[in-house]
Structures are given as structure tokens and as C-alpha cells.
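# Structural features, examined
Listed below are the residues making up each chain.
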Amino acid sequence: MYEEYWGFKEKPFENTPNPHFLYHSQQHEEGLSRLLYVVSEGKGAGLLTGVFGCGKTLLGRTLFKELDRDIYKTAFIANPFLNYSELLMHIAYNLGARDLPQNKQDVLVNVILERLNEILENNMRDGKKTVIVIDEAHVITDRRVWEELRLLLNFQLEDKFLLTLLILGQPELKEMIDSNKQFSQRIAVKFHLGPLNEKETEEYIKHRINVAGRSSSVFAPETIKTIYKKCGGIPRRINHLCDLALFAGFGKNTSIIDEKIIKEVSFDMED
Ligand SMILES: Nc1ncnc2c1ncn2[C@@H]1O[C@H](COP(=O)(O)OP(=O)(O)O)[C@@H](O)[C@H]1O
Ligand SMILES: [Mg+2]
């Protein structure tokens, strides 16, 4: 709507995990390279935690995009709010299994596990590595589901893991996993993403504006501190505030976003 007015080719602050917009903060860079390490070295599992909106899904999607499909067979489970056995079915389906039982009640976990083992072994024989990303994994509260995932990690051939499992979720996920010793032992890398600092917030805003197609700045320098304070360095909140500000500036026909606009739109934003 306001893209043309501000000279953007696309909206700079959409809250979608689009790898094209990735700003390589030191943390995001490190998180991404740790996840890539887990995958490329064929380690069993990796864990990425962080508060809502800090960039976990974006890192997961970025990693996914970077994986060479000639080498990797992948499944991205975006919403694991599934019951006992459903999650495994969903994973199997995403990895290409089509001959799965139709009626959920009939499903025996062992049958799906067997099927999954077959798929993983076939992938290995074809020279392919299997990577499963489970996003929003903090919603998995049923211990039996964690047990199923642990069983998946038990699949090995000649001492090699048959798959890499990357688990993404909010901070409570780390406690959930740490309290499950057997599962926790399987995790080669644990990484926590924190908020951006003030300097990074400034660079983040600049970066997204540049990627959206504008080289000159839009936000007056003094607005950065206010944005940082209001959003606590959380990218999702920064996006929301900046988007509201650009829309307000467009409505007022201003040439720059100043402190006054930021304060006005901050008022509309929940804390
Ligand atoms: N390093 C980053 N560079 C660019 N955009 C980011 C970055 N981190 C987060 N974002 C953006 O912030 C929003 C929330 O990120 P998301 O990955 O959905 O967070 P989470 O999964 O941790 O809740 C998305 O629009 C995402 O593109
Ligand atoms: Mg997410």
C-alpha cells in the first residue's frame, strides 16, 4: 500500500520468515552456522530456542533453503500440535511415505516407526541425508511424543545417525528437554537466540529497508532508541512498529519517520 510512496519494491517489515530479508546479526549468524554444522556433520539433533519473534523460524527456513536437495531429503514440520503417533505420521508423509494407514485409530506406532526406518535406510543407500525440522516444538507436552522422537534418533546404521533432527521452540523447550535426560544426551548443539541490541536494531532496520529496495534512510536517527526500547530488540515487534510507522507517515505525507510518529504508533502497540 505505502511501498511506492516510500520507494520500496516490496514491504520491508512483513512478519513472515522470508530468508531473503535475513540480517546476519552475530547471533543469527552463529545460530545458523551451528545448525548447519549439526546437519552437515550428521550429528543426531540440534536445539534452537528463543522468545517469540526472535527469528527461529526464519533461521530454520534459511537453513532449509541452503540445503542441496541432491544431497538432503527434508521435512519441515511447522505445527507439531499433533497427538501421539500423528506427529510420526506427519513426518513420514513429509518424507514421501504414501502408503500410510488412513484411520488414525488403527495406527500402531511401531508400524510407522518401521516405515520411517525403511525410508531413512533407503535415503542413506541413495546417498541422501535426512533432515527433519520441528518448529514450535514447545507445544509438544506429551512425553510419549518425545519418546517417539527419541526412538527416531535411535535409528542408526554402522554407528551413523540415519537422520538429523532440528528442534526449534520457545525458551521453555530447553527446560523440557533438559528434564528428559535420555533425549537431552542426543542433542549435539544447543543454541539460544536472544534479542538484538540497540546497534543491531539500527542495522536491522537499515538492512530490511535496503533489501526492500531503498538506499536512503527513512527513520530519523533519534527514533532508533525509542524503537529499541519499545520492542526490546525483538525483530517481530520491530517489524510491527516500523510497519505501523511507515503507514502513518504515508497517511501524513511526511518525508521521514520522526520521533513523534514513532511515539504515536507505539501507543497503539501492546507491550
Ligand atoms: N535476523 C533477522 N533478519 C531479518 N528478519 C528477521 C531476523 N530475525 C527475525 N526476523 C523477522 O522477524 C519476524 C519474526 O521471526 P520468526 O522467525 O518468525 O520468529 P520466531 O520463529 O522466533 O517466533 C519475521 O518476520 C522474521 O523475518
Ligand atoms: Mg516461529
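Residues numbered from 1 in each chain as written. Chains lettered and ligands numbered in written order. Predicted model: local features only at pLDDT ≥ 70, side-chain atom pairs only at ≥ 80, totals over all residues. Heavy atoms only, no water.

### A short note on helix α4 (residues 86-94)
Turning to α4, its buried residues number three or more, namely Glu86, Leu87, Leu88, Met89, Ile91 and Ala92. Among the structural elements, β2 (72-77), α5 (109-125), β3 (129-134) and α6 (143-154) are those in contact with the buried residues of α4. Downstream of α4 by a residue or two, Gly96 has a phi angle that is positive, lying close to 105°. (Buried < 20%, exposed > 50% of the residue type's maximum accessible area, 1.4 Å probe, protein only. Helix = DSSP H or I, 4+ residues; strand = E, 2+ residues; numbered from the N terminus. Contact = heavy atoms within 4.5 Å.)

### Details of the pairing of strand β1 (residues 45-50)
When you tally the buried positions in β1, you get six out of six residues, the bulk of the element. Taking every second residue as pointing to the same face, both faces of β1 are buried, with Ala45, Leu47 and Thr49 on one and Gly46, Leu48 and Gly50 on the other. Pairing of β1 with strand β6 (residues 163-169), which is carried by five bridges, proceeds in the parallel orientation. Bridge pairing links Gly46 to Leu166 in β6. Here β1 runs beside strand β7 (residues 187-193); their pairing, made up of six bridges, is parallel. What sits directly across from Leu48, in β7, is Phe191. (Pairing = 2+ DSSP bridges.)

### Considering the nonpolar core
Proteins that are soluble and globular tend to have nonpolar side chains buried together. Counting 36 residues, the largest nonpolar core has Ile91, Ile134, Leu149 and Ile167 as the members making the most contacts within it. Residues within four places of Ile167 in sequence aside, it is in contact with Gly46, Leu47, Leu48, Ile134, Ala137, Trp146, Leu173, Ile177, Phe183 and Ile187. Of all hydrophobic cores here, the second largest spans 27 residues; its members include Trp6, Phe8, Leu246 and Ile261. (Core = buried A, V, L, I, M, F, W, Y, C linked by side-chain atoms within 4.5 Å.)

### A closer look at the sheet that holds β6
Pairing is parallel in the open sheet, where five strands are placed in the order β2-β3-β6-β1-β7. Edge positions in the open sheet fall to β2 and β7, since each of these has one partner strand only. Strand-to-strand twist in this sheet, taken as the mean axis angle between neighbours without regard to direction, amounts to 15°. Together, β1, β2, β3, β6 and β7 form the strand contacts of helix α2 (residues 26-40), whose direction differs from that of β7 by roughly 165°. Contacts from α6 reach β1, β3 and β6, with the element oriented near 150° to β6. (Axes fitted to C-alpha atoms, helices over the stretch in contact; angles between N-to-C directions.)

### Thoughts on the pairing of β6
Regular strands have side chains that alternate between both faces of the sheet. Burial analysis of β6 places seven of its seven residues in the buried class, the great majority of the element. Of the two faces of β6, both are covered, the one formed by Leu163, Leu165, Ile167 and Gly169 as well as the one formed by Thr164, Leu166 and Leu168. In terms of strand pairing, β3 meets β6 through five bridges, oriented parallel. Within the sheet, the bridge partner assigned to Ile134 lies in β6 and is Ile167.

### Things to note about the site of ligand 1
Lining the immediate surroundings of ligand 1 are 21 residues, of which Tyr23, Gly53, Lys56, Thr57 and Arg208 lie closest. In this structure, Glu14 approaches ligand 1 through a main-chain N or O atom, which is 3.3 Å from an oxygen atom. The separation between an oxygen atom of ligand 1 and a polar main-chain atom of Thr16 is 3.0 Å. Isolated, ligand 1 exposes 560 Å² of accessible area, and the fraction of that covered by the protein chains is 98%. More than half of the atoms belonging to ligand 1 lie within 2 Å of the grid points that define the largest pocket. Taken together, the elements giving at least two residues each to the shell around ligand 1 come down to α3 (56-66), α9 (198-211) and α11 (235-252). A domain-level breakdown of the shell around ligand 1 finds at least three residues from each of domain 1 (3-8 + 196-268) and domain 2 (26-193). (Near = heavy atom within 4 Å. Polar contact = N/O pair within 3.5 Å; in protein donor to acceptor, adjacent residues only side chain to side chain. Areas by Shrake-Rupley, 256 points an atom, 1.4 Å probe, with all protein chains shown as cover. 1 Å grid on protein atoms, 1.4 Å probe; cavity = no way out; pocket = protein on both sides within 12 Å on 5 of 7 lines; lining within 4 Å. Sits in = over half its atoms within 2 Å of the grid points. Domains from an automatic or database assignment.)

### Some details on the packing of α5 against α6
Their axes nearest at 11 Å, the elements α5 and α6 cross at an angle of 30°. Of the two possible hands of crossing, α5 and α6 adopt the one that is right-handed. Residues Val109, Leu113 and Leu116 of α5 form the contact with α6, whose own contacting residues are Glu148, Leu151 and Leu152. Each residue belonging to the contact of α5 with α6 can be placed in one class, and the counts come to five nonpolar, no polar and one charged. (Left-handed = near helix turned anticlockwise from the far one by under 90°. Nonpolar A, V, L, I, M, F, W, Y, C, P; charged D, E, K, R; others polar.)

### Section: the domain arrangement of the protein
Along its sequence, the protein is carved into domain 1 (3-8 + 196-268) and domain 2 (26-193). If you look at the interface, domain 1 gives five residues, while domain 2 gives six residues. Summed over both sides, the interface between domain 1 and domain 2 buries roughly 460 Å², with carbon and sulfur atoms accounting for 61% of that surface. The three residues of domain 1 that bury the most area against domain 2 are Ile234, Pro235 and Arg236, which together make up 69% of that side's buried surface. (Buried area = accessible area lost by both parts, 1.4 Å probe.)

### A word on the packing of aromatic side chains
All told, the structure shown has seven aromatic pairs when counted by the stated rule. Taking the centre distance of 5.2 Å and the plane angle of 85° together, the rings of Phe64 and Phe76 count as edge-to-face. Separated by twelve residues along the polypeptide, Phe64 in helix α3 and Phe76 in strand β2 bring together distant segments of the chain. With centroids separated by 5.1 Å and ring planes inclined at 75°, the aromatic side chains of Trp146 and Phe183 adopt a geometry described as edge-to-face. On the criterion of sequence distance, the pair formed by Trp146 in helix α6 and Phe183 in helix α8 (residues 181-184) is long-range, its members being 37 residues apart. Across the pair, exposure class does not vary: Trp146 and Phe183 are buried alike. In textbook terms, an aromatic cluster arises when at least three aromatic residues are bridged by ring pairs, as seen for Tyr5, Trp6, Phe247 and Phe250. The ring of Phe76 has Arg61 lying over it, and the distance from NZ or CZ to the ring centre is 3.7 Å. Positioned above the aromatic ring of Tyr93 is the side chain of Arg98, whose terminal nitrogen or guanidinium carbon lies 3.8 Å from the ring centre. (Phe/Tyr/Trp six-rings, centres within 6.5 Å; stacked < 30°, edge-to-face > 60°. Lys NZ or Arg CZ within 6 Å of the ring centre and 35° of its normal.)

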